[in-house]
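If you want the building blocks of each chain, they are given just below.
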Amino acid sequence: GVQTCALPILCWVCLVMWNVNGLSNHRNELITTLNEKRIDLALIFETHFTIHTKFSLPGYDIITLNHPDNTSDAGAAIIIKSSLLYTPCSSIQEDYLQAAIFIIKLNHIPITIAAAYFPPNHKITLIQYKYFFNSIGHYFIVGGDLNAKNQFWGCHTTNPKGRTLSHLVSLKKYSILAPPEPTYWPTSIRKRPDILDIFVVNIPTSFHNIIKNLLEPCSDHTLVLLSLDAQPFHRSAQPSLTDGSVN
């Protein structure tokens, strides 16, 4: 008979997304998670960075996008394993949306990846959603704290942002990848935990995915892990006349 086996671990690209509620305060926890889970890409929201913030992670590049008024509020970032080949893109820096964006080839196919934060106190229209998604190309993975609730993807309630996003997804035949458990854990007992962090994707049907919650580390949000059976391109090793370390 025909035998089947699981794909080798090297064939999966691993992304996490996290509303960190202040990235500098969670640096060590994030480093541990990136290393233990062998994360290739991390999409981060509410970085709370300004132009004066200095931040780095060993073995990773970082693309940051701050709030347009440069206050230590909101913001987004993408953390990329330094060995991967990618192309940074123009980001979107509005009061209603901060999105850090880059392009990476997966299985030889260019895919735009964006870390998007839609603050809860700003309304967003269908036209604004369309402008954003039309600007990022045909194939994309948008991971974000979109503050868009809809029972269609497992939330307890549906809010206006979620209703508008659902309409767009239906109209454009995009897909929502939502984790099975809540991602937002409010401190107030009057609020219920809910799913605020989701992926909106338009990817080749040959890309299989696994999505799950990670309970650690946590801010008032927990992480979401997305694994795709796709191969990224790696940077070419720099030529060297020596083998190993030198004195």
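Residues numbered from 1 in each chain as written. Predicted model: local features only at pLDDT ≥ 70, side-chain atom pairs only at ≥ 80, totals over all residues. Heavy atoms only, no water.

Brief notes about the overall build of the chain
So, point 1. Looking only at helices and strands, the chain has three helices and 13 strands in total.
So, point 2. Out of the 247 residues belonging to the chain, those deemed buried represent 49%.
So, point 3. For the chain, restricting intrachain contacts to residue pairs at least 6 apart in sequence, the fraction spanning at least 24 positions comes to 64%.
So, point 4. For the chain, the exposed area adds up to about 13000 Å²; of that, 52% sits on carbon and sulfur atoms. (Helix = DSSP H or I, 4+ residues; strand = E, 2+ residues; numbered from the N terminus. Buried < 20%, exposed > 50% of the residue type's maximum accessible area, 1.4 Å probe, protein only. Contact = heavy atoms within 4.5 Å. Areas by Shrake-Rupley, 256 points an atom, 1.4 Å probe, with all protein chains shown as cover.)

Remarks on the pattern of salt bridges
Note that side chains of opposite charge can pair when their charged atoms are close.
So, point 1. Considering all chains together, one arrives at three salt bridges under this definition.
So, point 2. Of the charged contacts, one joins D61 and R235 as a salt bridge, the two residues approaching to 3.3 Å between their closest N and O atoms. Highlighted residues: D61 in strand β3 (residues 60-65) and R235 in the segment after β13 (222-228), separated in sequence by 174 residues.
So, point 3. Look at D61 and you get partly exposed, because its relative accessible area is 21%.
So, point 4. Residue K149 pairs with D194 through a salt bridge whose shortest N-O separation is 3.8 Å. In this pair, K149 is assigned in the loop between β9 (140-145) and α3 (160-172) and D194 in the loop between β10 (175-177) and β11 (197-202), connecting sequence segments 45 residues apart.
So, point 5. Classification of D194 by relative accessible area gives buried; the value is 3%. (Salt bridge = Lys/Arg side-chain N within 4 Å of Asp/Glu carboxyl O.)

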